[in-house]
Protein chains: 2
Amino acid sequence: MRALILLGEGFEDLEFFYPYFRLLEEGFEVDVASGSVGGVKGKHGYSFEVSKTYDDVDAADYDLLVLPGGQGPEKVRLNTTALGIVRQIWQGQITVASICHGIQILISANLVKGKHATCWPGVKDDLIAAGGIYEDRPVVIDEQLVTSREPFDLPAFCDGIFRALKINNNTH
Amino acid sequence: MRALILLGEGFEDLEFFYPYFRLLEEGFEVDVASGSVGGVKGKHGYSFEVSKTYDDVDAADYDLLVLPGGQGPEKVRLNTTALGIVRQIWQGQITVASICHGIQILISANLVKGKHATCWPGVKDDLIAAGGIYEDRPVVIDEQLVTSREPFDLPAFCDGIFRALKINNNTH
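Residues numbered from 1 in each chain as written. Chains lettered and ligands numbered in written order. Predicted model: local features only at pLDDT ≥ 70, side-chain atom pairs only at ≥ 80, totals over all residues.

## Overview of the sheet that holds strand β2 (residues 29-34) of chain A
All names here are of chain A. Here is the rule: Note: two strands are recorded as paired if DSSP finds a minimum of 2 bridges between them. Only runs of H or I of at least four residues qualify as helices and only runs of E of at least two qualify as strands under DSSP, and these elements are numbered from the N terminus.
Ordered by their spatial adjacency, seven strands build an open sheet running β5-β2-β1-β6-β7-β11-β10, and the pairing between neighbours is mixed. Each edge of the open sheet carries a strand with a single partner, namely β5 (52-53) and β10 (139-142). Here β2 pairs with β5 via two bridges, running parallel. For Ser34, the partnering residue across the bridge sits in β5 and is Thr53.

## Thoughts on the interface of chain A and chain B
Quick reminder of the rule: A pair of residues counts as a contact when their C-beta atoms, built from backbone coordinates, are within 7 Å of each other. Amino acids are sorted into nonpolar (Ala, Val, Leu, Ile, Met, Phe, Trp, Tyr, Cys and Pro), charged (Asp, Glu, Lys and Arg) and polar (every other residue, Gly among them).
With 14 residues of chain A at the contact, the number on the chain B side is 14 residues. At the level of elements, α1 (13-25) and α6 (154-168) of chain A are the ones that each hand at least two residues to the side of chain A that touches chain B. When residues of the side of chain A that touches chain B are assigned to their parent elements, the largest contribution, seven residues, is made by α1(A). Its residues assigned to classes, the side of chain A that touches chain B comprises nine nonpolar, two polar and three charged.

## Re the relation of the copies chain A and chain B
Counted only if it meets this: Superposition of the copies used a least-squares fit over C-alpha atoms from residues whose pLDDT is at least 70 in both.
Least-squares fitting of chain A to chain B yields an RMSD of 0.0 Å, with the transformation described by 0.0 Å of translation along the axis and a rotation of 180°. As the rotation angle and translation indicate, the two copies are arranged about a two-fold axis. The residues that chain A uses at the interface reappear at the interface of chain B in 100% of cases, marking a shared surface.

## Some words on the sheet that holds strand β6 (residues 64-67) of chain B
All names here are of chain B. Across the sheet, seven strands lie side by side as β5-β2-β1-β6-β7-β11-β10; this open sheet has mixed pairing. With one partner strand each, in any of the chains shown, β5 (52-53) and β10 (140-142) form the two edges of the open sheet. In this sheet, β6 lies alongside strand β1 (residues 2-6) in parallel orientation, the contact comprising three bridges. Among the inter-strand pairings, Leu4 is bridged to a residue of β6, identified as Leu65.

## A closer look at α1(A)
Since the α-helix turns once every 3.6 residues, residues separated by three or four places project in the same direction. Residues and elements named next belong to chain A. We apply this condition: A helix is expected to reach a length of 1.5 Å times the quantity of its residues less one. Buried, partly exposed and exposed are defined by the number of other C-beta atoms within 10 Å of a residue's own C-beta, namely 20 or more, between the two limits, and 12 or fewer respectively, with C-beta atoms placed from the backbone.
Given a rise of 1.5 Å per residue, 13 residues ought to cover 18 Å, and the 18 Å separating the end C-alpha atoms of α1 matches this to within 8%. Most of α1 sits out of view: eleven of its 13 residues are buried. Just downstream of α1 lies Gly27, where phi reads positive at about 95°.

## Examining the environment of Cys158(A)
Here Cys158(A) shows up in helix α6. Counting along the chain gives 19 residues from Cys158(A) to Val139(A), while the straight-line C-alpha distance between them is 9.1 Å.

## What to know about the pairing of strand β7 (residues 95-99) of chain A
Residue and element names in this part refer to chain A. Of all the five residues making up β7, five are buried; the element is thus mostly covered by neighbouring parts of the structure. Every second residue of β7 is oriented toward a common face, with Thr95, Ala97 and Ile99 on one face and Val96 and Ser98 on the other, all of them buried. Where strand β6 (residues 64-67) lies against β7, four bridges are found, and the strand directions are parallel. Within β7, the residue paired with Leu64 across the bridge is Thr95.

## So, helix α3 (residues 80-91) of chain B
Residues and elements named next belong to chain B. Going by this rule: It is the directions from the helix axis to the C-beta atoms whose arc is reported.
Here α3 is twelve residues long and its end C-alpha atoms lie 16 Å apart, about the 16 Å a rise of 1.5 Å per residue gives. Ala82, Leu83, Ile85, Val86 and Ile89 are the residues of α3 that are buried. For α3, the angular spread of the buried residues around the axis is 155°, confining them to a single face. Exposed and facing more than 90 degrees away from the buried side of α3 are Thr80 and Gln91. Close packing links the buried residues of α3 with β1, β6, α2 (73-76), β7 (95-99) and α4 (103-108). Immediately downstream of α3, the backbone of Gln93 shows phi near 65°, a positive value.

## A word on the environment of Val76(B)
Residue and element names in this part refer to chain B. Relative to the helices and strands, Val76 resides in helix α2. Considering only alpha carbons, one finds Val76 and Gly8, 68 residues apart in sequence, at a separation of 5.7 Å. If we skip the residues at most four places from it in the chain, Val76 touches Leu6, Gly8, Ala82 and Ile105.

## Some thoughts on the confidence of the model for chain A
Applied cut-off: By definition, pLDDT measures how confident the predictor is in each residue, and it falls between 0 and 100.
Looking at chain A as a whole, its pLDDT mean stands at 97, while 98% of the residues score no less than 70. Confidence estimates for the predicted assembly give a pTM of 0.95 and an ipTM of 0.92.

## Observations regarding unusual backbone geometry
Residue and element names in this part refer to chain B. In this structure, Cys100 is a non-glycine residue whose phi angle is positive, near 65°. Secondary-structure assignment places Cys100 in the loop between β7 and α4. On the neighbour-count criterion, Cys100 (30 C-beta atoms within 10 Å) is buried. Its identity is not glycine, yet Glu143 carries a phi of approximately 50°, on the positive side. In this fold, Glu143 is placed in the loop between β10 and β11 (145-148). The class of Glu143 is partly exposed, set by 13 C-beta atoms lying within 10 Å.

Have a look at this one:
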């Protein structure tokens, strides 16, 4: 199984590292991509050395896309290549998981309309305005879409990812 | 299954939160104890609300003890009640897991003599001086003792904990 995580400067540290480590623990190959290679810093000061740019990504390679929150998604959503990757993965019926502000990327990719989802309360009005059906729960699974609200939802978020993967995906 | 984590001010944030969330995801009941109740801050600024002091802990209740690293262990090792808890859990043949500077607590509790273990490189001389057999690997399992070096070992650390639990422990 192979997962992709899109990372922008100011990402929520736990929301990146928990799924990243968790997927490695489960035996996944995990690629992390950003606008440029090199160190990307989280809002709590952790740094992660990214080795792939969005241009290096072949969206067809993945069984799972994970979008951490924090301030990173406001960088990622401005990059049209990144949004193209997200749309292509989505159209392949692949599992897409966002936590907290990660939903901002899915809003900009026009993918939330009619979907049940959750997110950080501060951006729920944007989810609703984009046509999403907001729910205030630790994890919401709507077919290929898995969403959570905040760092303390991380155990439910990862459990939800593994449950969704069992239902949705083919493996690479 | 029930786990105990001992937390001191300045703990390494990922080394606490990853095992904490991971054990919750696995269905464990997880208690976190410190010198006093209330917010305990990690070195990267995350805060965790602790509801148990060391005096509130009954060491006989647990199937697993986890000792995160960072600057926290230098606080925990000064507390004789905390060291008593660690020794009592150890004597019950319960799985004890330390990562990074967490080993400092086991050194002060006089538990590393003759044991294969690993830790943050900056304190390996103290592990060796206390009679431990230092190994430079992501996870070292020596009967009831599971040890790792640093945050990027966290997937191996948790995998090691679950493997050790299968071999060592009775359940509560």
